[in-house]
Amino acid sequence: MASVPLLRFSLHPPSKTLTPKTHHPHLLLPHPLKPILPKFVQTQAQTRTQTKLNSISATYNPIPATDRLISAVAYFLPFFNGLQYGRFLFSQYPSLTLPFQPILPLLSLYRSIPYASFVTFFALYLGIVRNESLNRYARFNALQAVVLDVLLVVPMLIQRIFSPGQSGIGLKLTMMMHNGLFVFVVGCFVYGLVSCILGKTPYLPFVTEAANRQM
């Protein structure tokens with residue numbers, strides 16, 4: 001009879017109590033930032049891209065052809081008035097007159113009109129520079145041409161006041177001054193003309209600073 005309890009004990013072992021394993025709550029539930037963070041980063045990237053595109057489209061403002069034409073024509077005033085400083089170079093190097101052959105008819109017409117320089121000067125200043133209905137681009141370039149034309153008058157006035165003479169060191173200084181002014185005028189004219197045709201703003205030495213003060 002003693003074997004019966006042993007048999008029952010072996011057939012029916014004591015049941016063990018199973019305790020559920022405890023897990024950390026953040027391992028079972030999805031992290032709240034996982035679905036939000038990629039969307040937030042993507043939204044920020046799209047916003048920055050759109051802002052850059054808006055800024056680029058806002059800064060790109062093509063200049064109308066009419067304003068470019070007015071600006072380019074304005075630089076002919078100081079160019080025509082500054083050609084007189086090239087007389088020493090033309091007499092010393094006659095081949096330098098070849099690039100100016102195409103504009104000789106226009107230059108002859110300009111000089112045949114009485115007081116053409118004064119009329120053109122006031123037409124640019126009163127008709128374009130002070131005309132607020134025009135685009136600032138045309139007004140600024142016309143003002144640069146006017147300022148450059150005024151600056152070209154100063155050396156001629158100094159020469160007439162001091163009378164350096166027709167020989168000696170005075171003549172050499174006059175030749176150097178005229179040659180330097182002629183190269184400066186031609187360089188400003190070519191640079192200003194090409195810049196206006198392309199719709200860009202030319203920045204001339206000493207002239208742009210003076211024009212900015214007057215705008």
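Structure report, in brief. Since the model is a prediction, treat every value here as computed from it, not as a measurement. (Residues numbered from 1 in each chain as written. Predicted model: local features only at pLDDT ≥ 70, side-chain atom pairs only at ≥ 80, totals over all residues. Heavy atoms only, no water.)

**Considering the overall build of the protein chain**
Tallying secondary structure elements over the protein chain gives eleven helices and zero strands in all. Along the protein chain, helices (α) and strands (β) appear in the sequence α-α-α-α-α-α-α-α-α-α-α when read from the amino end. Out of the 215 residues in the protein chain, the part that is buried amounts to 27%. For the protein chain, contacts bridging at least 24 residues in sequence account for 74% of all contacts bridging at least 6. Per element, the accessible surface of the protein chain, about 15,600 Å² overall, is 69% carbon and sulfur. (Helix = DSSP H or I, 4+ residues; strand = E, 2+ residues; numbered from the N terminus. Buried < 20%, exposed > 50% of the residue type's maximum accessible area, 1.4 Å probe, protein only. Contact = heavy atoms within 4.5 Å. Areas by Shrake-Rupley, 256 points an atom, 1.4 Å probe, with all protein chains shown as cover.)

**Quick notes on unusual backbone geometry**
Of note in this structure, tyrosine 115 is not a glycine but carries a positive phi near 55°. Residue placement: tyrosine 115 occurs in the loop between helix 7 (104–112) and helix 8 (116–129). The backbone of phenylalanine 206 sits at a positive phi, close to 70°, despite the residue not being glycine. Taking the relative accessible area as the measure of exposure, phenylalanine 206 reaches 69% and is therefore exposed.

**Side note on the side chain of aspartate 67**
Tracing the backbone through its elements, the reader meets aspartate 67 in helix 4 (residues 65–74). Salt bridges are absent for the buried aspartate 67, whose nearest opposite-charge side chain, arginine 68, sits at 8.1 Å. A distance of 3.2 Å separates polar atoms of two side chains, one belonging to aspartate 67 and the other to asparagine 135. The residues touching aspartate 67, leaving out its near neighbours within four places in the chain, are Asn135, Tyr137 and Ala138. (Lys, Arg positive; Asp, Glu negative; His and termini not counted. Salt bridge = Lys/Arg side-chain N within 4 Å of Asp/Glu carboxyl O. Polar contact = N/O pair within 3.5 Å; in protein donor to acceptor, adjacent residues only side chain to side chain.)

**Notes on the nonpolar core**
One broad rule of soluble globular proteins: the nonpolar side chains tend to lie buried together. Core analysis: the biggest nonpolar cluster contains 37 residues, and Phe79 and Leu83 have the highest contact counts within it. Counting only elements with at least two residues in this core, the list comes to helix 4, helix 5 (76–82), helix 7, helix 8, helix 9 (136–162), helix 10 (168–198) and helix 11 (207–214). The dominant element in this core, judged by the number of residues it contributes, is helix 9, at ten residues. Every residue in contact with leucine 83, bar those within four places of it in the chain, is listed here: Phe90, Phe100, Leu107, Arg111 and Phe182. (Core = buried A, V, L, I, M, F, W, Y, C linked by side-chain atoms within 4.5 Å.)

**Things to note about the packing of aromatic side chains**
Any pair of aromatic rings gets described here by the distance separating the centres and the angle formed by the planes. Within this structure, the stated rule accounts for ten aromatic pairs. Taking 4.9 Å as the distance between ring centres and 70° as the angle between the ring planes, the aromatic pair formed by phenylalanine 76 and phenylalanine 189 counts as edge-to-face. Here phenylalanine 189 lies in helix 10 and phenylalanine 76 lies in helix 5, a separation of 113 residues in the sequence. Measuring from centroid to centroid gives 5.2 Å for phenylalanine 90 and phenylalanine 182, while their planes differ by 80°, and the two rings are edge-to-face. (Phe/Tyr/Trp six-rings, centres within 6.5 Å; stacked < 30°, edge-to-face > 60°.)

**Quick notes on the side chain of glutamine 144**
Relative to the helices and strands, glutamine 144 resides in helix 9. Engagement of the side chain of glutamine 144 in a polar contact is seen with the backbone oxygen of proline 202, the distance being 3.1 Å. Excluding anything up to four places from it in sequence, glutamine 144 contacts Tyr75, Pro202, Leu204, Val207, Thr208 and Ala211.

Function-wise, these values are silent; they only describe arrangement.
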